[in-house]
Amino acid sequence: MKPVITTERLTKRFGDFVAASELTFEVDQGEIFGFLGANGAGKTTAMRMLCGLLAPSSGKATIAGFDIYEQTKEIKTKIGYMSQKFSLYDDITVSENIRFYAGIYGMSTKQIKAKTHELLEELQLESEAKTLVRELPLGWKQKLAFSVSIAHGPDIVFLDEPTGGVDPVTRRQFWDLIYSAADKGVTVFVTTHYMDEAEYCNRVSIMVDGVIAALDSPNNLKQQFAATNMEDVFYELARNAKRKGD
Amino acid sequence: MRSLFFLLEKEFRQLLRNKQLTRVLIIAPMIQLIIMPLAANYSVKNISIAVVDNDHSTFSQKFISKITASGYFKLTGYVASYPEALSMVEQDKADLALQIPINFEKNLVRENSNKVYVAINAIEGTKANLGGAYLNSIISDFNSEIRASWPAGAMIADAPQIDVVSSNWYNPFMNYNLYIVPAILVTLVTAMAVMQSAFNIVREKESGTIEQINVTPIKKHIFILGKLIPFMVLAIVVFTLGLLVAWLLYRVVSVGSLLVLYISLIVYLFATLGLGLLISTYSSTQQQAMSLSFFFINIFNMMSGVFNSVDSMPQWAKNIVETFPPSHFIKIMRMVVMKGSGLSDIAYHLIAIALIGLVFNTWAILNYRKTVE
């Protein structure tokens, strides 16, 4: 497996405040990489740098083989992005959202048509194709948003707390979607506050006060910290945090 | 360019699906255009006048009926003494008190001169000024009339020798609508263009969808074009409906070419939408965008020469007004509509608007960072 995300001492400072300090890690293709940390630990900052939304202060990183400083344009065609808060336009319909995002990623009309059909079928949303997104339940919206974020066939998808506020059953279905995407070779970079979700990841990194305090598979981490579950691992690391959450 | 198509498709869908907003955006300016020119009129009418006639002669009667027949004045009191007339002014029952002295007629005939006394309530500046001026001109009219009615032999040497006859070019009948309707239409188009473009972009910031857009390969200028073009179309629709209302209701028809008007409109919208864009880059909520837009729109409306002449402002104020796009577009509208000016006549104003627009848009684009900090 070749790495699709590599970072070397990637750092972001806001004035005197070091939001993310010397992050160094690699993520392999098709891997589900969990990115954990308390509020204010620097997860979102790190993710925004990797998506090209925020310029790093120092350090190196490549996404899908492209340099994070020089080739943001190329990177943007290779990634998908989805978050709890920012997703679809709620005043247009389900199929119009798919059409819009697929369109701005440069897919042809024929491809868009096929993709729309495929997505709606996969999500069992055929009957809701002409429903305004705002009328969908939150769980459906999030599943739809995830599918839209990988509709253009990106190498990597970044998910920023994608299941916040979603019920356990839908969360389970959401993770089924993630697994099926990973099976197709899409690398999944996901932040979450749910420790059961952390267990689903191939590898997990835990950020504390802007640095990566631990990085390994859930099983190895549990062994290392002599814990029975990820909850205890996380607590062990995060309780010493000096930063207050936001 | 393909992504621009998808952006526009999405924007128009959102706009047209929001029927309530579209209705307000189109109907509200029309109602304003119908109502405002009726009220916003310079010529002061219905000035109430209280008269104290101490002479009770034919001349004084003629004089009073000449005043009331002018159409500007309304006789609200015909009282016996000056203090009574003054108390009417104090109670706001009269704007003017006119006192005709005893022996008004006798002195006029015998000594060829007389004085009347006028007291003006100056609380409402315009009314006081114009009321006084109207009364003055009626008095001088009356003066020459009674002289003319005297037998030729009685003509006196000091009768006025020079009489000024003026004619009003481009607006011979001083039709006030011709002057005010185009200007009001400009203010309506301005408010819509500035506010709606600013709100629309800020709404994407508020809902967070702008983050999603920022991770896509859409280029900055394409995204901005996708935002501005729908409002340019909407503003052109409003402007066109406005011209129709002006024609049907006020009989205001442009003497000049419509093509010149529309070319100017597009240049103008480039500037005003640029301002909206600039406002959006400095606002993170719609409330902030609204406050900023109101600031500019209020200043534009009060200072761009809609109601009062820019020429009579102090130099510093004139310099500021030069940088306001509406002040130039109002001039263009009046020149084209009333005089039939062509592109070469309005070139100065058109170039000024284009330059201001260039500044707004460049500034906005520099300030709109695709990498959101």
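Look up: the structure comes first, before these words.
First, a word on what this report is: a plain description of the structure on this page. Here the structure is a predicted model, which is why all the values come from computation and not from measurement.

**With respect to the pairing of strand β6 (residues 79–83) of chain A**
Residues and elements named next belong to chain A.
Point 1. Taken across its five residues, β6 has five buried, putting it largely inside the fold.
Point 2. Every second residue of β6 is oriented toward a common face, with Ile79, Tyr81 and Ser83 on one face and Gly80 and Met82 on the other, all of them buried.
Point 3. Relative to strand β7 (residues 156–160), β6 runs parallel, the two sharing five bridges. Across the sheet, Ile79 pairs through a bridge with Ile156, a residue of β7.

**Considering empty space enclosed by the protein**
Point 1. In the structure shown here, the tally under the stated rule is one cavity of 30 Å³ or more.
Point 2. In this structure, the largest cavity spans a volume of roughly 80 Å³.
Point 3. If you trace the largest cavity, you find 13 residues lining it, with A:Tyr81, A:Tyr101, A:Val148, A:Ser149 and B:Gln212 closest to the centre.
Point 4. At the level of elements, β6 and α5 (138–149) of chain A are the ones that each hand at least two residues to the lining of the largest cavity.

**Examining the side chain of B:His349**
Residues and elements named next belong to chain B.
Point 1. Inspection of the secondary structure assignment puts His349 in helix α14 (residues 343–367).
Point 2. With a relative accessible area of 10%, His349 lands in the buried category.
Point 3. Excluding residues within four positions of it along the chain, His349 makes contact with His328, Lys331, Ile332 and Met335.

**Some thoughts on the pattern of salt bridges**
Point 1. Taken as a whole and assessed by the stated rule, the structure comprises 18 salt bridges over all chains.
Point 2. Across the salt bridge formed by B:Glu9 and A:Arg99, the nearest N and O atoms sit 2.8 Å from each other. Of this pair, B:Glu9 sits in helix α1 (residues 2–17) while A:Arg99 sits in helix α3 (residues 94–104), on two different chains.
Point 3. By sharing partners, the salt bridges in this structure join A:Glu96, A:Arg99, B:Glu9, B:Arg13 and B:Arg17 into a single network.

**So, the packing of aromatic side chains**
Point 1. A full pass over the atoms with the stated rule returns 26 aromatic pairs over all chains.
Point 2. Ring geometry for B:Phe5 versus B:Phe6: centroids 5.3 Å apart, planes at 75°, classification edge-to-face.
Point 3. Classification of B:Phe6 as buried rests on a relative accessible area of 1%.
Point 4. Taken together, A:Phe25, A:Phe33, A:Phe35, A:Phe158 and A:Phe189 form an aromatic cluster joined through their ring pairs.
Point 5. Looking at A:Arg171, its charged tip hangs above the ring of A:Tyr194, at a distance of 3.8 Å from the centre.
Point 6. Looking at B:Lys10, its charged tip hangs above the ring of A:Phe100, at a distance of 5.1 Å from the centre.

**Some points on the packing of α5(A) against helix α6 (residues 168–183) of chain A**
Residue and element names in this part refer to chain A.
Point 1. Packing of α5 against α6 brings their axes to within 10 Å, and their N-to-C directions diverge by 10°. By the criterion of interaxial angle, the relationship of α5 to α6 is roughly parallel. On the side of α5, the interface is formed by Gly139, Gln142, Lys143, Phe146 and Ser147, while α6 contributes Thr170, Gln173, Phe174, Leu177, Ile178 and Ala181.
Point 2. Tallied by class, residues from the contact of α5 with α6 come to five nonpolar, five polar and one charged.

**Observations regarding the sheet that holds strand β10 (residues 211–216) of chain A**
Residues and elements named next belong to chain A.
Point 1. Reading across the sheet, the six strands line up as β6-β7-β8-β3-β9-β10 and stay open at both edges, with mixed pairing between neighbours. The sheet terminates laterally at β6 and β10, the two strands that pair on one side only. The mean inter-strand angle of the sheet, taken between neighbouring strand axes irrespective of direction, is 15°.
Point 2. Pairing of strand β3 (residues 32–37) with strand β9 (residues 203–208), which is carried by five bridges, proceeds in the parallel orientation. Among the inter-strand pairings, Leu36 is bridged to a residue of β9, identified as Ile206.
Point 3. Against the sheet, helix α1 (residues 43–51) contacts β3, β6, β7, β8 (187–191) and β9, and its axis sits at roughly 150° relative to β7.
Point 4. Contacting β3, β6, β7 and β8, α6 runs over the sheet at an angle of about 130° to β3.

Rules and cut-offs
Residues numbered from 1 in each chain as written. Chains lettered and ligands numbered in written order. Predicted model: local features only at pLDDT ≥ 70, side-chain atom pairs only at ≥ 80, totals over all residues. Heavy atoms only, no water. Buried < 20%, exposed > 50% of the residue type's maximum accessible area, 1.4 Å probe, protein only. Helix = DSSP H or I, 4+ residues; strand = E, 2+ residues; numbered from the N terminus. Pairing = 2+ DSSP bridges. 1 Å grid on protein atoms, 1.4 Å probe; cavity = no way out; pocket = protein on both sides within 12 Å on 5 of 7 lines; lining within 4 Å. Points joined across faces, edges and corners; volume = space filled by probe spheres on them. Contact = heavy atoms within 4.5 Å. Salt bridge = Lys/Arg side-chain N within 4 Å of Asp/Glu carboxyl O. Phe/Tyr/Trp six-rings, centres within 6.5 Å; stacked < 30°, edge-to-face > 60°. Lys NZ or Arg CZ within 6 Å of the ring centre and 35° of its normal. Axes fitted to C-alpha atoms, helices over the stretch in contact; angles between N-to-C directions. Parallel < 35°, antiparallel > 145°, perpendicular 65-115°, else oblique. Nonpolar A, V, L, I, M, F, W, Y, C, P; charged D, E, K, R; others polar.

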